[in-house]
Amino acid sequence: MIQPPNNQAPASWHQEQFLKNQKRHTRKIRLLRILSFAAFLILWETAADFGWIDSFIFSSPSRLLLCLKSMILDGSIWQHISITLLETLVSFGLVIALTLLITILLWSNRTLSETSEPCMVVLNSLPKSALAPLLIVWLGSGCRTIIVTGLSVAIFGSILSLYRGFMDVDPNQIKLIRTLGGTRRNILSRVVLPSNIPNLFSIMKVDIGLCLVGVIIGEFISSRRGLGYMIIYGSQIFKLDWIILGIVILCLIALGLYQALVWIEKKCLK
């Protein structure tokens, strides 16, 4: 067993060893993830080369790279990525803004919250792909409809989750504000909102993926640009490389957006 140095406090030494072990574990997990992904790509490429799988149906990493190269050269891939990313970010921003606004209104008015809760539950349970054709009829085909589709997928569940967080705030803290003569606005700004910041970030990390799903649903139905259009058009003309490449890019976008929110969360919670 390693003994702490005599000139160093045992508690500090053990804390340092704990941090070193945590960093070592983090590096190990990252290495395992990279090796697992590399092994998957090698196995996929090998299976396609030796005919274990049909490369036309399942594609292969080399075919995807060639497809990506051709789409980069003609500039179409950047157009598809940029429009999908823009629609997702706009939809996500609207979801967060409306979620905060509506949740505050429901928290401020108990009658309104009790009246609207069943409606929220029903709307959250509806399959949003069924709403997309109606949105096209109401709003017309275009970017606006796709953004609203992305918004509709995430907003109702977000409101229910954040409202539950508002109602679960420690009542003793609320009593303290009231005892000191604080108003309902003071309770909201000093207790309810600050205590729900971690909850809000958790909701945001779910919503960013849901908004991306909603945008893709909208692009499936009413778009001539975007990764959703690229996927659905590829299935119609049997360009399966387009479909798999679109899915891979969507996974990378979802991962990037999620990691960006994790980084922002760490900065804010400090």
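Presented here is an overview of the structure given in this document. (Residues numbered from 1 in each chain as written. Predicted model: local features only at pLDDT ≥ 70, side-chain atom pairs only at ≥ 80, totals over all residues. Heavy atoms only, no water.)

So, the overall build of the chain
Consideration 1: When you go through the chain residue by residue, the secondary structure sums to twelve helices and zero strands.
Consideration 2: Across the chain, helices and strands are ordered from the amino to the carboxyl terminus as α-α-α-α-α-α-α-α-α-α-α-α.
Consideration 3: By the compact-globule yardstick of 18 Å for 270 residues, the chain is too spread out, its C-alpha radius of gyration being 25 Å.
Consideration 4: Dimensions along the principal axes, computed over C-alpha positions, put the chain at roughly 70 × 70 × 30 Å.
Consideration 5: Expressed as a percentage of the 270 residues in the chain, the buried residues total 35%.
Consideration 6: Within the chain, contacts between residues at least 6 apart in sequence are counted, and of these 69% link residues at least 24 apart.
Consideration 7: With the model as given, the accessible surface of the chain reaches about 16,800 Å², and the carbon-plus-sulfur share is 66%.
Consideration 8: Distance from the positive charge centre (25 side chains) to the negative charge centre (14 side chains) of the chain: 10 Å. (Helix = DSSP H or I, 4+ residues; strand = E, 2+ residues; numbered from the N terminus. Rg over C-alpha atoms; globule rule 2.2 N^0.38 Å. Buried < 20%, exposed > 50% of the residue type's maximum accessible area, 1.4 Å probe, protein only. Contact = heavy atoms within 4.5 Å. Areas by Shrake-Rupley, 256 points an atom, 1.4 Å probe, with all protein chains shown as cover. Lys, Arg positive; Asp, Glu negative; His and termini not counted. Charge placed at Lys NZ, Arg CZ, Asp CG, Glu CD.)

Structural notes on a positive patch on the surface
Consideration 1: A contiguous patch of positive charge on the surface is contributed by Arg-30, Arg-33, Lys-266, Lys-267 and Lys-270.
Consideration 2: Among the structural elements, Lys-270 can be located in the segment after helix H12 (240-269). (Patch = residues over 30% accessible without salt bridge, like charges linked within 9 Å, V, L, I, M, F, W, Y side chains within 5 Å. Salt bridge = Lys/Arg side-chain N within 4 Å of Asp/Glu carboxyl O.)

Considering the packing of helix H6 (residues 128-139) against helix H7 (residues 143-167)
Consideration 1: Taken N-terminus to C-terminus, the directions of H6 and H7 make an angle of 145°; their axes are 10 Å apart at the nearest point. Where H6 crosses over H7, the two elements pack in a sense that is right-handed. On H7, the residues touching Lys-128, Ala-132, Leu-135, Ile-136 and Leu-139 of H6 are Arg-144, Thr-145, Val-148, Thr-149, Ser-152, Val-153 and Phe-156.
Consideration 2: Residues of the contact of H6 with H7, tallied by class, amount to seven nonpolar, three polar and two charged. (Axes fitted to C-alpha atoms, helices over the stretch in contact; angles between N-to-C directions. Left-handed = near helix turned anticlockwise from the far one by under 90°. Nonpolar A, V, L, I, M, F, W, Y, C, P; charged D, E, K, R; others polar.)

Some points on the packing of helix H4 (residues 76-108) against helix H11 (residues 227-236)
Consideration 1: Orientation of H4 relative to H11, taken along the N-to-C sense of each, is 125°, at an axis distance of 7 Å. In terms of orientation, H4 lies oblique with respect to H11. Facing Ile-77, His-80, Ile-81 and Thr-84 of H4, the residues of H11 in contact are Leu-227, Gly-228, Tyr-229 and Met-230. (Parallel < 35°, antiparallel > 145°, perpendicular 65-115°, else oblique.)

Overview of the pattern of salt bridges
Once their charged atoms are close, side chains differing in charge can pair, the charge on each being opposite to the other.
Consideration 1: Applying the stated criterion to the full structure yields five salt bridges.
Consideration 2: Between Lys-20 and Glu-16 there is a salt bridge, and its shortest N-O distance comes to 3.5 Å. Within this pair, Lys-20 and its partner Glu-16 are both found in helix H1 (residues 10-49), separated by four residues, close to a single helical turn.
Consideration 3: Owing to a relative accessible area of 40%, Lys-20 belongs among the partly exposed residues under this scheme.
Consideration 4: Of the charged contacts, one joins Arg-110 and Glu-114 as a salt bridge, the two residues approaching to 3.0 Å between their closest N and O atoms. One end of the pair, Arg-110, and the other, Glu-114, are both in helix H5 (residues 110-125), four residues apart, so they sit about a helical turn from each other.
Consideration 5: A relative accessible area of 64% places Arg-110 in the exposed class.

Thoughts on unusual backbone geometry
Consideration 1: You will see that Ser-59, though not glycine, has its phi angle at about 60°, which is positive.
Consideration 2: Considering the arrangement of structural elements, one finds Ser-59 in the loop between helix H2 (55-58) and helix H3 (61-74).

Considering the packing of aromatic side chains
Consideration 1: Applying the stated criterion across every chain, the model contains four aromatic pairs.
Consideration 2: On the numbers, 5.7 Å between centres and 25° between planes, the contact of Phe-50 with Trp-52 is stacked.
Consideration 3: On the basis of an interplanar angle of 10° and a centroid distance of 5.6 Å, the ring pair of Tyr-229 and Tyr-233 is categorised as stacked. Placement of both Tyr-229 and Tyr-233 in helix H11 is noted, with a separation of four residues, approximately one turn of the helix.
Consideration 4: Grouping aromatic residues by their ring pairs yields a cluster made of Tyr-229, Tyr-233 and Trp-242.
Consideration 5: A cation sits over an aromatic face here: Arg-184 above Trp-107, 4.2 Å from the ring centre. (Phe/Tyr/Trp six-rings, centres within 6.5 Å; stacked < 30°, edge-to-face > 60°. Lys NZ or Arg CZ within 6 Å of the ring centre and 35° of its normal.)

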